[in-house]
Amino acid sequence: MAERGHLPPAAKRLCCRPGYGSGCRPGQRAGGAGPGSGALCAGPSSAAAAAALGLLPLGKTQSPESLLDIAARKVAEKWPFQRVEERFERIPEPVQRRIVYWSFPRSEREICMYSSFNTGAEDPAAAPGGAATAPGGAADAAADENRLPFRRGIALLDGGCVDNVLQVGFHLSGTVTEPAMQSEPETVCNVAISFDRCKITSVTCSCGNKDIFYCAHVVALSLYRIRKPDQVKLHLPISETLFQMNRDQLQKFVQYLITVHHTEVLPTAQKLADEILSQNSEINQVHGAPDPTAGASIDDENCWHLDEEQVQEQVKLFLSQGGYHGSGKQLNLLFAKVREMLKMRDSNGARMLTLITEQFMADPRLSLWRQQGTSMTDKYRQLWDELDSSNRPHRTVFTRAIEACDLHWQDSHLQHIISSDLYTNYCYHDDTENSLFDSHGWPLWHEHVPTACARVDALRSHGYPREALRLAIAIVNTLRRQQQKQLEMFRAQKKELLHRGVTSITNLEGWVGHPLDPIGTLFSSLMEACRVDDESFHGFSDFMENMGQCKSLEYQHLPAHKFLEEGESYLTLAVEVALIGLGQQRIMPDGLYAQEKVCRNEEQLISKLQEIELDDTLVKIFRKQAVFLLEAGPYSGLGEVVHRESVPMHTFAKYLFTSLLPHDAELAYKTALRAMRLLVLESTAPSGDMSRPHHIASVVPNRYPRWFTLSHIESQQCELASTMLTAAKGDVRRLETVLESIQKNIHSSSHIFKLAQDAFKIATLMDSLPDITLLKVSLELGLQVMRMTLSTLNWRRREMVRWLVTCATEVGVYALDSIMQNWFTLFTPTEATSIVATTVMSNSTIVRLHLDCHQQEKLAGSARTLALQCAMKDPQNCALSALTLCEKDHIAFETAYQIVLDAATTGMSYSQLFTIARYMEHRGYPMRAYKLATLAMTHLNLSYNQDTHPAINDVLWACALSHSLGKNELAAIIPLVVKSVKCATVLSDILRRCTLTTPGMVGLHGRRNSGKLMSLDKAPLRQLLDATIGAYINTTHSRLTHISPRHYSEFIEFLSKARETFLMAHDGHIQFTQFIDNLKQIYKGKKKLMMLVRERFG
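Is there a simple way to explain the overall build of the protein chain in this structure?
From N to C terminus, the protein chain includes 47 helices and 8 strands. Expressed as a percentage of its 1098 residues, the buried residues of the protein chain come to 49%. Long-range contacts, defined as pairs at least 24 residues apart, comprise 72% of the intrachain contacts of the protein chain with a sequence gap of at least 6.

Listed below in structure tokens is the structure:
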């Protein structure tokens, strides 16, 4: 039997034989088998044991359970074994065996909870502890789940890897063989598990696992004991076996034990022997001896084994990573695990939460930030939810925590609500705002809504789902009553408020996106009641069947609760409270994280609603709430006048629209059109309504508040508009209304362009004729985009212009004519000529529209007018396009040419003029090309070292053109060349080309001259020759100023080319010799270079 004492580290408590001493014979006991006897862990019958373990349904056992087993099972659940020993002087061995047998955990759910992460899902079909389904798909999720210790443990058990299983008292041991892998050999792990009152209290495994979870080997051994109890040999605690031995047996036992394990235990054995033989040793002052298999003492806390050190390490790891993207996943999983434990009423949930909080508070950065006076960034608001430093009245996470400390459950009205389904007061007629019962006599609960819902969450989290449901129903009934009263209040003052055109936020702290997630809590509680029956209400139903499976859930209208209207159900109540929360007018919170949370929570709630198939009952709820939201004034985000900084309703309205459209199209459109507004982008900022004390008065906001999620909000606005456009196809009146709403409310050109494209695609679907009304809507939106982006930089502008021309083409010839006549309000001159007019005049457009000659001429006339206007406005960029567009009309072409000549002297570059000149030559206007080329030459300047300048080809072309026209034209352009070009190689190239053929021999108009080559001794070539020689001399001196040895050979080749040019003159040999001599004299210090010059040129 056991007596209390100080617990040595390796044992639960100290055990000794009661009365053992002078008056008690060794080996005496209450009864039972002889020394060392063992028995299999079978119950009264295998079927009964299986039923008790949950392996067979109750009522299908082969024989009734014995009274011994029933009593032993209850004792094993509730009493520490020391209390059993102290309560009864003698306990028959069969009774001890049954208590020890039933003390091991019987449910696999807890094993799973301590060996895998929770999905965080509320539904029972999700595997507890399973991996959340990742974006990568079901295959990735399944692969992740199979790596969890629980899954791996099952695989080891099913693979027959568990062996040598032995239960000695409250201690289970065994070996688990890890099969050989490709890179690792087979390993055998020794596992030991201690347990008490159906909970595992400690685990050890030789695998060295370092994690908050039990390893797969512990899982495998635990499940072996749960699933195969009849194959586990059971012994009483080792102290009981030792009590049965006499002195000789005890000595033999100890000596054999030391012999088998002498290398490990001999030093310890000798030390213990010395202490026992010493009369005054500490070990002799304690009654009894430790027994690690003897079960729990009275003072032992009964809780599941949790590796607290590893929990702390996980949080430290998160903090060390700075809260960056992805690092919070592990922390979120820890919080999910806390919730899972609390829901199962496991005390480790609170302990785990305490450990996490302590680790946060111990983070050295907190004190550092405090010293520096640094406020929390958005990164760390994710840890603390929100630390608000603004001047708005706001309840931070700390104020909420302080309030939670003062929260109590002693209110008698609250106690009655959560404890009874029959709590009513039909005689209660108090109709005030805070009355305890409604007109039906049903209980109401008035409290700050997030706090009230936090109570519901707490009840659910701690395993009180029925109580949570009762309170949730009372809260929803209260919200519905408040909603009706708010509508009545607004109707009484509607005229005054609408006349003033201003409103205020009735609740700065919105329910959707709130840190306590009140609407999500109510919705989940009610939805859970739709699919959970009484038997599975406290836990997951069909646990083993649902492990690892993601089933689609079917929600049902279960029989109505006492406090619901006729025809209502938990499902209708859940849907209605979700609609109430989503439609609430609330102010946009400060900070990136808080704003993202508003969007994320709204989308999550809508996603859950979308899983529900709407029936007639639910459609009535939708109609009721949509009407209320449209008429509820400042209490609704869809009221006629809303605050400028209230959270937009686009995402919610899109869901309402698609849900209502098949049933009530008029209401659907009215709701969606009302939601289209985005007042935060409007230029005016209305002041708040300060007239009513119960309103939280709004403050006149800055013109551009810090809405970090504005781009997301605008995209949702665009999605809402696109949804309406799609639905309105074929309905002229609705399309016009939607178009008007888009033009009024959407302020982003990129989103309007997307809508225009969407409308175009819908209007021109391949399987039907084009919808001309929707095409016109598309065109109108496109025109609006053109006007919005005309004076701003937009990288998609060219795409937008091309698309608009395509859209106008689909609409018809009048649309094309219209955009060309009004080009200056839509396009830049370059866009109008190079894209719009050019595309309109293309053959593909003419063919596409089946234009007759008259229509073609009318379009061409508009295009020519556009081209000339653009050329006048921007000749540099539009002149060439204008000439091209006007070439078939003589008058227009001459006008365009004159525009070019007028702009040539001032506003056009040489490259633009050369391009137009080449065009003129190509079109058969060589003299006009020559004129433009000479104008281009006046703008050009090529220095001595620009021998790769892109304009060189243009200069050579211009000289060739002049040469082909005749001597006079060549004589006129050479002075311009000499003035503009200082590069010797370019000049020498021109000179050689002019001496190869006779001027005018290749004239374009059949002009011929005498056929004589031009003399280099006479003008104009003499001037060109002198300029070329001078350019070589100047270039030579310039190059020698900074020449390096690696450029010597290149320089010698340059001088060789120079000599060729010098020799073209009749006295060129003498000039070149003098030039070389001059170089030798001036640059005699460059000995190596001058030596090379002498070798080549003498």
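Don't stop here, the text continues.
How should I be thinking about the packing of aromatic side chains in this particular structure?
The geometry of an aromatic ring pair is captured by the separation of the ring centres together with the interplanar angle, meaning the angle of the planes. In the structure shown here, the tally under the stated rule is 19 aromatic pairs. Among the aromatic side chains, those forming a connected cluster through ring pairs are F81, F104, F170 and F195. Over the face of the ring belonging to Y101 we find R98, whose NZ or CZ atom lies 4.2 Å from the ring centre. If you follow R455 out to its NZ or CZ, it ends over the ring of W409, 4.9 Å from the centre.

Before we go on, may I ask you to explain the packing of helix α36 (residues 853-873) against helix α37 (residues 875-886) in this structure?
Between α36 and α37, the shortest axis-to-axis distance is 7 Å and the interhelical angle comes to 155°. Classified by the angle between their axes, α36 and α37 sit roughly antiparallel to one another. Crossing geometry of α36 relative to α37 is assigned as left-handed. Of the residues in α37, those in contact with A863, R864, A867, L868, C870, A871, M872 and K873 of α36 are P875, C878, A879, A882, L885 and C886.

How should I be thinking about the nonpolar core in this particular structure?
Most often, soluble globular proteins keep nonpolar side chains buried together rather than apart. By size, the foremost hydrophobic cluster in this structure holds 209 residues, and its most contacted members are L725, F827 and L932. Each residue touching L725, except ones within four places of it in the same chain, is listed here: L735, V738, I742, L755, A759, L774, V777 and L781. Listed in part, the 62 residues of the second largest apolar core include V100, Y224, F318 and L331.

Before we go on, may I ask you to explain the side chain of S980 in this structure?
One can find S980 in helix α42 (residues 967-980). Dropping the residues within four chain positions of it, S980 is found in contact with M937, L940, N941 and L942.

I tried to follow a nonpolar patch on the surface on my own but got confused; where do I start?
Among the surface-exposed residues, F253, V254 and L257 lie close enough to one another that they form a single nonpolar patch of about 240 Å² accessible area. Within the secondary structure, L257 sits in helix α10 (residues 247-260). Here L257 falls in the partly exposed class, since its relative accessible area comes to 44%.

Just checking my understanding: could you explain the packing of helix α31 (residues 772-789) against helix α32 (residues 797-811) for this structure?
Helix packing geometry: the angle between the two helix axes and the distance between the axes. Look at α31 against α32: their axes get within 9 Å of each other, and the N-to-C directions meet at 150°. Taken together, the axis directions place α31 and α32 in an arrangement best described as roughly antiparallel. For α31 against α32, the interelement crossing comes out left-handed. Facing I772, L775, S778, L779, G782, L783, V785, M786 and T789 of α31, the residues of α32 in contact are R797, M800, V801, W803, L804, C807, A808, E810 and V811. Taken together, the residues that form the contact of α31 with α32 break down as 13 nonpolar, 3 polar and 2 charged.

Explanation requested: the pattern of salt bridges in the structure shown.
Any two side chains of opposite charge can pair, given that their charged atoms come close. Tallied over the full model, the rule gives 39 salt bridges. Across the salt bridge formed by R227 and E108, the nearest N and O atoms sit 2.7 Å from each other. Taken together, the positions of R227 in helix α8 (residues 216-227) and E108 in helix α5 (residues 108-113) put the pair 119 residues apart, joining distant regions of the chain. In this structure, R460 and E528 form a salt bridge, with 3.6 Å as the shortest nitrogen-oxygen distance. One end of the pair, R460, is in helix α19 (residues 449-461); the other, E528, is in helix α21 (residues 518-531), with 68 residues separating them in the sequence.

Mind showing me how you'd approach the environment of K729 here?
In this structure, K729 sits in the loop between α28 (710-727) and α29 (732-745). We classify K729 as partly exposed; its relative accessible area is 28%. Considering only alpha carbons, one finds K729 and A763, 34 residues apart in sequence, at a separation of 7.5 Å. Dropping the residues within four chain positions of it, K729 is found in contact with L735, I762, A763, L765, S768, D771 and L774. At 2.8 Å, the side chain of K729 and the backbone oxygen of I762 are in polar contact.

Would you mind showing me how to read the side chain of Q483 here?
As for its placement among the helices and strands, Q483 is situated in helix α20 (residues 465-500). According to the relative accessible area criterion, Q483 is buried, its value standing at 7%. At a separation of 2.8 Å, a polar atom in the side chain of Q483 contacts the side chain of Q625. Filtering out sequence-adjacent residues up to four positions away, Q483 remains in contact with I580, Q625 and F628.

I'm lost on unusual backbone geometry in this one. Help?
Trans peptide bonds make up the majority, and among non-glycine residues the majority have a negative phi. Even without glycine at this site, D517 takes up a positive phi of about 50°. Turning to its location among the elements, D517 is positioned in the loop between α20 and α21. Its relative accessible area of 31% is what places D517 among the partly exposed residues.

Explanation requested: the confidence of the model for the protein chain in the structure shown.
Regions with low pLDDT should not have their predicted coordinates read in detail. Looking at the protein chain as a whole, its pLDDT mean stands at 81, while 81% of the residues score no less than 70. Here residues 1-11 scores under 50 on pLDDT; set against residues more than four positions off or in separate chains, the count is 35 contacts. Counted against residues more than four places away or in other chains, residues 18-59, with its pLDDT under 50, gives 83 contacts.

In this structure, what is going on with the pairing of strand β3 (residues 162-168)? I would like to understand it.
It is a general feature of regular strands that their side chains alternate between the two faces of the sheet. In the sheet, β3 pairs with strand β4 (residues 171-178) via 5 bridges, with the strands oriented antiparallel. Looking across to β4, one finds that V168 is bridged to H171. Connecting β3 to the antiparallel partner β4 that follows it, the hairpin turn spans 2 residues, and G169 within it adopts a positive phi of roughly 60°. Where β3 lies against strand β7 (residues 233-235), 3 bridges are found, and the strand directions are parallel. Bridge assignment links Q167 to a residue of β7, and that residue is L234.

Just checking my understanding: could you explain helix α2 (residues 67-78) for this structure?
Since the α-helix turns once every 3.6 residues, residues separated by three or four places project in the same direction. For α2, with 12 residues, the first-to-last C-alpha span of 17 Å sits near the 16 Å given by 1.5 Å per residue. Restricting attention to buried positions, one finds in α2 the residues D69, A72, R73 and A76. In an axial view of α2, the angular spread of the buried residues amounts to 105°, which keeps them on one side of the axis. α2 presents L67 and K78 as exposed residues on the side facing more than 90 degrees away from its buried surface.

When you look at the pairing of β4 in this model, what are you seeing that I'm missing?
Where β4 lies against strand β5 (residues 187-196), 8 bridges are found, and the strand directions are antiparallel. Directly across from L172, in β5, lies its bridge partner I193.

Looking at this model, I keep getting lost on helix α34 (residues 829-840). Mind explaining?
Taking 1.5 Å as the rise per residue, α34 with 12 residues should run 16 Å; its terminal C-alpha atoms sit 15 Å apart, in good agreement. Those residues of α34 that sit buried are P829, E831, A832, T833, I835, V836, A837 and V840.

Reading the values: rules and limits
- Residues numbered from 1 in each chain as written.
- Predicted model: local features only at pLDDT ≥ 70, side-chain atom pairs only at ≥ 80, totals over all residues.
- Heavy atoms only, no water.
- Helix = DSSP H or I, 4+ residues; strand = E, 2+ residues; numbered from the N terminus.
- Buried < 20%, exposed > 50% of the residue type's maximum accessible area, 1.4 Å probe, protein only.
- Contact = heavy atoms within 4.5 Å.
- Phe/Tyr/Trp six-rings, centres within 6.5 Å; stacked < 30°, edge-to-face > 60°.
- Lys NZ or Arg CZ within 6 Å of the ring centre and 35° of its normal.
- Axes fitted to C-alpha atoms, helices over the stretch in contact; angles between N-to-C directions.
- Parallel < 35°, antiparallel > 145°, perpendicular 65-115°, else oblique.
- Left-handed = near helix turned anticlockwise from the far one by under 90°.
- Core = buried A, V, L, I, M, F, W, Y, C linked by side-chain atoms within 4.5 Å.
- Patch = residues over 30% accessible without salt bridge, like charges linked within 9 Å, V, L, I, M, F, W, Y side chains within 5 Å.
- Areas by Shrake-Rupley, 256 points an atom, 1.4 Å probe, with all protein chains shown as cover.
- Salt bridge = Lys/Arg side-chain N within 4 Å of Asp/Glu carboxyl O.
- Nonpolar A, V, L, I, M, F, W, Y, C, P; charged D, E, K, R; others polar.
- Polar contact = N/O pair within 3.5 Å; in protein donor to acceptor, adjacent residues only side chain to side chain.
- pLDDT = per-residue confidence, 0-100.
- Pairing = 2+ DSSP bridges.
- Expected span 1.5 Å × (residues − 1).
- Arc of directions from axis to C-beta.

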